Structures are given as C-alpha cells and as structure tokens.
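# Structural features, examined
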Amino acid sequence: MGGFYLDPITCEITYGLERIATFLQGVESIFDIEWGGGLKYGDIRLDEERQQSVYNFDEADPEVNRMLFETFEKEAVRLLEKGLYIPGYDMVMKCSHIFNILDARGVIGVTERQAYIGRIRRLARRSAKLYLESVGVEVK
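Residues numbered from 1 in each chain as written. Predicted model: local features only at pLDDT ≥ 70, side-chain atom pairs only at ≥ 80, totals over all residues. Heavy atoms only, no water.

### Let's talk about the pattern of salt bridges
Evaluation of the coordinates by the stated rule reveals 8 salt bridges. A salt bridge links Arg 66 to Glu 63; the shortest N-O distance between them is 3.7 Å. On the criterion of helical spacing, the pair formed by Arg 66 and Glu 63 is a turn pair, its members being 3 residues apart in helix α3 (residues 62–81). The exposed category is assigned to Glu 63, whose relative accessible area is 55%. (Salt bridge = Lys/Arg side-chain N within 4 Å of Asp/Glu carboxyl O. Helix = DSSP H or I, 4+ residues; strand = E, 2+ residues; numbered from the N terminus. Buried < 20%, exposed > 50% of the residue type's maximum accessible area, 1.4 Å probe, protein only.)

Next comes the structure, spelled out in structure tokens:
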C-alpha cells in the first residue's frame, strides 16, 4: 500500500463495479448494463461520458490545469505535514485526476510525465505512511 509491503498481503480489485456488472449481465458495453426500471447505464451516464470526453480531450485549459495541479499538490503537502492523511490523500487524488487531464490533452512530454507521476507517488506514499502509523502498523 503506497509502496509499503503489508503482512498479510492485501488483494486489490482493479475493476470498477460497472465492469463487474458488465460481466455478470453478459453485455458487451457498460452502457448496456441494466440499471433498473428498464433504464440502462447508458441512459443515465452516456451524456456525462460524452461531455467529460470533450472536456478532457479538447477543452481542458492546460494552464488552468497545471495551476490546479500545483495548488492541489501544495495543499496535499500542507495537510500531510499536519498529519491529516485523509484530506491529504483527497488532494493526492485530485492531483492524479488533473494529471490524467493534462495527459489526455497531450500537453506533457515523456520526461515531464514521469516527473508528475513521481510527485504523485511521493505524496501517496506519505499519505499511506501516515495512515499505517495511525493504525499501529510498523512502517519499514
């Protein structure tokens, strides 16, 4: 967790609920999942998916998102320094989301991409360390 070895070893499910439902319902697309009352997932979420895709790939302002990344990163550091690992982790997740937007816009190069990932990983590790210490796990 966060780059720390755990004992016992944990299991992580990387599939979202939608992917599991797709498998269980035997449909090819998450948009075909029966949601309930005759509605399919696509009836509820397709417009959201389209609009977010337009934003992420075409409309997201790179400079605004770079500024947001810096802001969320600074806030994560501040919160983690105060031992507030839950809101600090929330800021780490916001950094990750903004990184994904910048990556989708194609505005970060290979070297810069690795630097962003490293920054996010360091923050996630700090958050994980604080959490583990808070529950009495010895961190090595």
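### Examining the nonpolar core
Counting 17 residues, the largest nonpolar core has Phe 69, Ile 98, Phe 99, Tyr 116 and Ile 120 as its most contacted members. Put simply, the parts of the chain that give this core at least two residues each are α3, α4 (85–105) and α5 (110–134). The greatest single-element share of this core, amounting to 7 residues, is contributed by α4. In contact with Tyr 116, not counting residues within four places along its chain, are Arg 66, Phe 69, Phe 99, Leu 102 and Ile 108. (Core = buried A, V, L, I, M, F, W, Y, C linked by side-chain atoms within 4.5 Å. Contact = heavy atoms within 4.5 Å.)

### What about the packing of aromatic side chains?
Using the criterion set out here, one finds 5 aromatic pairs in the structure. On the basis of an interplanar angle of 55° and a centroid distance of 5.4 Å, the ring pair of Trp 35 and Tyr 41 is categorised as tilted. The exposure class of Trp 35 is exposed, given its relative accessible area of 51%. Summarising the aromatic geometry, the rings of Tyr 85 and Tyr 131 are spaced 5.8 Å apart at their centres and angled 65° between planes, so their arrangement reads as edge-to-face. Taken together, the positions of Tyr 85 in helix α4 and Tyr 131 in helix α5 put the pair 46 residues apart, joining distant regions of the chain. Judged by relative accessible area, Tyr 85 falls into the partly exposed class, the value being 21%. By relative accessible area, which is 36% here, Tyr 131 ends up partly exposed. Feature note: the residues Phe 31, Trp 35 and Tyr 41 constitute an aromatic cluster, connected by ring pairs. (Phe/Tyr/Trp six-rings, centres within 6.5 Å; stacked < 30°, edge-to-face > 60°.)

### What about the layout of surface pockets?
What the largest pocket holds in volume is close to 270 Å³. What lines the largest pocket is a set of 14 residues, among which Tyr 5, Leu 6, Asp 7, Val 137 and Glu 138 lie closest to the centre. Class assignment of the residues belonging to the lining of the largest pocket gives a composition of 9 nonpolar, 1 polar and 4 charged. (1 Å grid on protein atoms, 1.4 Å probe; cavity = no way out; pocket = protein on both sides within 12 Å on 5 of 7 lines; lining within 4 Å. Points joined across faces, edges and corners; volume = space filled by probe spheres on them. Nonpolar A, V, L, I, M, F, W, Y, C, P; charged D, E, K, R; others polar.)

### Examining α4
For α4, spanning 21 residues, the distance from its first C-alpha to its last is 30 Å, which sits close to the expected 30 Å at 1.5 Å a residue. Among the residues of α4, those classed as buried are Gly 88, Met 91, Val 92, Cys 95, Ile 98, Phe 99, Ile 101 and Leu 102. For α4, the secondary structure elements touched by its buried residues are α2 (41–59), α3 and α5. Positioned one or two residues after α4, Gly 106 has a phi angle of 70°, which is positive. (Expected span 1.5 Å × (residues − 1).)

### Re the packing of α3 against α4
Any two packed helices are characterised by the angle at which their axes cross and by the distance between the axes. Running from amino to carboxyl end, α3 crosses α4 at an angle of 160°, the nearest separation of the two axes being 8 Å. When the axis of α3 is compared with that of α4, the two are roughly antiparallel. Handedness of the α3/α4 crossing: left-handed. Along its contact with α3, which presents Pro 62, Asn 65, Arg 66, Leu 68, Phe 69, Phe 72, Glu 73, Glu 75, Ala 76, Leu 79 and Leu 80, the element α4 presents Tyr 85, Pro 87, Gly 88, Met 91, Val 92, Lys 94, Cys 95, Ile 98, Phe 99, Ile 101, Leu 102 and Arg 105. (Axes fitted to C-alpha atoms, helices over the stretch in contact; angles between N-to-C directions. Parallel < 35°, antiparallel > 145°, perpendicular 65-115°, else oblique. Left-handed = near helix turned anticlockwise from the far one by under 90°.)

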